[in-house]
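Overview (structure and organization)
Read off the chains here:
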Amino acid sequence: MAPPLRGRLRILGFLSPWLVGFAVFLLYPLVTTVYLSFTNANLLQPAEWVGPRNYVHMFTEDPYVGKSALNTLWMIAIMVPTQVLFALGVAMVLVRLKSGAGFYHTLFYLPSLAPPVAATVAFVFMFNPGTGPVNTILGALGIEGPDWFNSPAWSKPALTLLSLWGIGNVMVIFLAALLDVPAELYEAAALDGAGPWYRFRYVTLPAISPVLLFSAVTGVIGALQYFTQAMVAAEAAGGIHSGANPGYPEGSTLTVPQWIYRTGFTQFHMGYACALAVVLFVVSMTVTVVLLRRSSGFQPQEGA
């Protein structure tokens, strides 16, 4: 039986703070962004309707769109799986510690508390090809260190190392999931003759599959929005050269959010920046839906 009008109004009153926040801070900006993507808005003059011209320019004329998209795809395909696997490996080691567990938990979690800008600047200094301690140590071992953030081939792997240094948040989530796996399942598997790999494959993975899915989805969304570390690394490593070379060195660290920012707030092509943002939003939603629909592959099968 449907509630009376008075009850509906009461429910609507309780929901009104959320509804107002949703309309003001999500729905209105989203609709405005879609509208501005069909205009020539430039933050200085009234916007004029130009139809799909921004989207045509994006897919046919802008040379930085393909480059930034490939860099962002690299982050999704390489950085996200590496970060998830490394966090899972660290959590599996920590969960087996018999003594000093609290100290090592804190040790691995602390880097995630560092501000992204400060952590990136510190990494650029540490991996400086001429004076950084990393190449100094490699040189003492007889190994010639690469140029890291100054090399197009090594800049993205250097950013991946930075992401591995800050896996504390993901590691804590995996640690909680591993501690929640019933010990009886491991004992039963061991009695059946299952080795470490089979216990991991048929006991641990099914039990932590929701956490794996959560880490994958949030990691992909974070990679699609990857901005601060890549921007700061390019500025810190490139110096005066980074302004004329987006994504220094040679565009290797240019991501889609960076190009949106540069287009909208440096070149003042806000309408085109909104078009880029709309496409990025659609891609983010599509990837998230695909991951959620395929999540059944991580779930334990009945009768297995």
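Please refer to the structure higher up on the page.
About the thresholds
Residues numbered from 1 in each chain as written. Predicted model: local features only at pLDDT ≥ 70, side-chain atom pairs only at ≥ 80, totals over all residues. Heavy atoms only, no water. Helix = DSSP H or I, 4+ residues; strand = E, 2+ residues; numbered from the N terminus. Buried < 20%, exposed > 50% of the residue type's maximum accessible area, 1.4 Å probe, protein only. Contact = heavy atoms within 4.5 Å. Areas by Shrake-Rupley, 256 points an atom, 1.4 Å probe, with all protein chains shown as cover. Axes fitted to C-alpha atoms, helices over the stretch in contact; angles between N-to-C directions. Parallel < 35°, antiparallel > 145°, perpendicular 65-115°, else oblique. Left-handed = near helix turned anticlockwise from the far one by under 90°. Nonpolar A, V, L, I, M, F, W, Y, C, P; charged D, E, K, R; others polar. Core = buried A, V, L, I, M, F, W, Y, C linked by side-chain atoms within 4.5 Å. Arc of directions from axis to C-beta. Phe/Tyr/Trp six-rings, centres within 6.5 Å; stacked < 30°, edge-to-face > 60°. Lys NZ or Arg CZ within 6 Å of the ring centre and 35° of its normal.

Before going further, it helps to spend a moment on the overall build of the protein chain. When helices and strands are tallied, the protein chain shows 13 helices and zero strands. Its helices and strands in sequence order give the protein chain the pattern α-α-α-α-α-α-α-α-α-α-α-α-α, from N to C terminus. Principal-axis analysis of the C-alpha atoms places the extent of the protein chain at approximately 75 × 75 × 35 Å. Counting across all 304 residues of the protein chain, residues that qualify as buried make up 37%. Put simply, 68% of the contacts in the protein chain that link residues at least 6 apart link residues at least 24 apart. Element-wise, carbon and sulfur atoms account for 69% of the exposed surface of the protein chain, whose accessible area totals about 18000 Å².

Between helix 1 (residues 5–36) and helix 13 (residues 270–293), whose axes approach to 7 Å, the crossing angle comes to 120°. Taken together, the axis directions place helix 1 and helix 13 in an arrangement best described as oblique. Considering only the axes of helix 1 and helix 13, their crossing is left-handed. Contact residues: Leu-30, Thr-33, Val-34 and Leu-36 in helix 1; Gly-271, Cys-274, Ala-277, Val-278 and Phe-281 in helix 13. The residue makeup of the contact of helix 1 with helix 13, split by class, is seven nonpolar, two polar and no charged.

Attention shifts here to the nonpolar core. If you look at the biggest cluster of nonpolar residues, it comprises 59 residues, and the most contacted ones within it are Leu-88, Phe-149, Leu-159 and Phe-174. When residues in this core are grouped by element, the largest group, 12 residues, is from helix 3 (residues 63–94). Discounting chain neighbours no more than four positions away, the residues touching Phe-174 are Val-84, Ala-87, Leu-88, Ala-91, Val-211, Leu-212 and Ser-215.

Moving on, we come to the environment of Pro-182. If you trace the backbone, Pro-182 turns up in the loop between helix 8 (168–179) and helix 9 (183–191). The spacing of Pro-182 and Val-203 is 21 residues in sequence and 9.4 Å in space, taken between C-alpha atoms.

Every buried residue belonging to helix 5 (residues 116–126) is among Ala-119, Thr-120, Phe-123 and Val-124, and all of these are buried. One side of helix 5 holds all its buried residues, which, seen down the axis, span an arc of 135°. Turning to helix 5, the residues buried within the fold contact helix 7 (155–165) and helix 11 (228–238).

Considering all chains together, one arrives at 15 aromatic pairs under this definition. Ring geometry for Tyr-198 versus Tyr-202: centroids 6.1 Å apart, planes at 5°, classification stacked. With Tyr-198 and Tyr-202 both in helix 10 (residues 196–224) and four residues apart, this pair spans about one turn of that helix. Of the residues examined, Tyr-202 reaches a relative accessible area of 52% and is grouped as exposed. For the cation-ring pair, Lys-156 lies above Trp-74, with the distance from its terminal atom to the ring centre recorded as 5.9 Å. Above the ring of Tyr-202, the side-chain terminus of Arg-201 is found at 5.0 Å from the ring centroid.

Distances and angles like these do not, on their own, reveal function.
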